[in-house]
Amino acid sequence: MKKFLKRANRGLILGGIILVILVVYLVIDYATFSAQKDDIANVVKGYISEMDALNTDADSFDETKFDDTLAKIQTILETYFCDKSGSQGSYVYTKNKLYTNYQDSKTWVEIQAEGSIITDADFEYTSFSVKKNGPGSAYVTVELTYNYVIEIPSASFNYDDTYGEDDYVMADIGVFGPAGFSFIDPEVSISVLESSETITRNESLTATWYVELYKVDGEWKISNIDGGSYSSIDLYW
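Computed from a predicted structure; not experimentally measured.

About the thresholds
- Residues numbered from 1 in each chain as written.
- Predicted model: local features only at pLDDT ≥ 70, side-chain atom pairs only at ≥ 80, totals over all residues.
- Heavy atoms only, no water.
- Helix = DSSP H or I, 4+ residues; strand = E, 2+ residues; numbered from the N terminus.
- Buried < 20%, exposed > 50% of the residue type's maximum accessible area, 1.4 Å probe, protein only.
- Contact = heavy atoms within 4.5 Å.
- Areas by Shrake-Rupley, 256 points an atom, 1.4 Å probe, with all protein chains shown as cover.
- Expected span 1.5 Å × (residues − 1).
- Arc of directions from axis to C-beta.
- Axes fitted to C-alpha atoms, helices over the stretch in contact; angles between N-to-C directions.
- Parallel < 35°, antiparallel > 145°, perpendicular 65-115°, else oblique.
- Left-handed = near helix turned anticlockwise from the far one by under 90°.
- Nonpolar A, V, L, I, M, F, W, Y, C, P; charged D, E, K, R; others polar.
- Pairing = 2+ DSSP bridges.
- Phe/Tyr/Trp six-rings, centres within 6.5 Å; stacked < 30°, edge-to-face > 60°.
- Lys NZ or Arg CZ within 6 Å of the ring centre and 35° of its normal.

Caption draft 1: Up close: the overall build of the protein. In terms of regular secondary structure, the protein is built from six helices and 10 strands. Burial analysis of the protein (237 residues in total) assigns 37% to the buried set. The contacts of the protein with a sequence gap of at least 6 include a subset with a gap of at least 24, amounting to 68%. Of the roughly 13300 Å² of accessible surface on the protein, 52% is carried by carbon and sulfur atoms.

Caption draft 2: Local environment of helix α3 (residues 66–80). Across its 15 residues, α3 extends 21 Å between first and last C-alpha, which sits within 8% of the 21 Å expected from 1.5 Å per residue. Every buried residue belonging to α3 is among F66, T69, L70, I73, I76, L77 and Y80, and all of these are buried. Seen from one end, α3 has its buried residues packed into an arc of 120°, which puts them on one side. Turned more than 90 degrees from where α3 packs its buried face, D67 and T75 sit exposed.

Caption draft 3: Examining the packing of α3 against helix α4 (residues 95–104) more closely. Between α3 and α4, whose axes approach to 10 Å, the crossing angle comes to 165°. If you check the angle between α3 and α4, you find them roughly antiparallel. Every pair of crossing elements has a handedness; the one defined by α3 and α4 is right-handed. The segment α3 lies against α4, with F66, L70, I73, Q74, L77 and E78 engaging K95, L98, Y99, Y102 and Q103. Per-class residue counts for the contact of α3 with α4 are seven nonpolar, two polar and two charged.

Caption draft 4: Region of the structure containing the pairing of strand β3 (residues 137–153). Two elements, strand β2 (residues 117–132) and β3, share 14 bridges in a ladder whose sense is antiparallel. Within β3, the residue paired with S129 across the bridge is T141. Counting the residues that bridge the hairpin from β2 to β3 gives four residues, and of these G134 lies at a positive phi of roughly 100°. In terms of strand pairing, β3 meets strand β9 (residues 198–216) through 17 bridges, oriented antiparallel. Bridge pairing in β9 places I150 opposite R201.

Caption draft 5: Broad picture of unusual backbone geometry. The phi dihedral of D217 is positive, around 50°, even though this residue is not glycine. Judged by its relative accessible area of 79%, D217 is exposed.

Caption draft 6: Inspection of the packing of aromatic side chains at higher detail. Applying the stated criterion to the full structure yields nine aromatic pairs. On the basis of an interplanar angle of 85° and a centroid distance of 5.5 Å, the ring pair of F123 and Y125 is categorised as edge-to-face. Owing to a relative accessible area of 21%, F123 belongs among the partly exposed residues under this scheme. With a relative accessible area of 28%, Y125 lands in the partly exposed category. Relative to F128, the ring of Y125 has its centre 5.5 Å away and its plane inclined at 85°; by these criteria the two rings are edge-to-face. Ring pairs connect the aromatic residues F123, Y125, F128, Y146 and Y148, which therefore count as one cluster. It is K45 that lies over the ring of F128; its NZ or CZ is 4.9 Å from the centre. Above the ring of Y214, the side-chain terminus of K84 is found at 5.2 Å from the ring centroid.

Put into structure tokens, the structure is as follows:
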């Protein structure tokens, strides 16, 4: 009986020591991660800002200069992304998958409404959370509002896309987003087109992105970004 109690006491003591070590490790690990949240946020915000800056550069939508635009995008991706794949999914974009998407966007740039330009683009964060996602990994959820001012020559609208009771037509306006190339596709009534040679469009969109990061060689890098969504919240003239 004494031997059993002795062994039991040793087991309890050993278990207690392991528990203390585990608690200390978790406390230190949490504190270390918390101290790096600003670094993680800066990586994500830096990537979003640099991609958005392409939208107000007229050369980005000049098909004759597309190779230069693609080189800029490749530099941005190499700066902010690592080669870890992380999560998988149809709308989860790794560095290589994003680069392929932007390569393919040349076709869309070629059908961009001729003469259209984004004269102003800005955004504001409405929500930004950074959470631990396992050892050496972080998960960021970003919600923001994009504001675009677009000038479109009336002649660039596609009258083949006329629809609806009020005869609305569309123009293809592309944007370089954090998770690939997208179209805004503004709709304008024919009566408005006939009254002006140039349409100035103000459009606000909400967007949500989900970003997974890993710490690689002492630096936080993006592994992948979930395509999330754009949704129109305010369309006006």
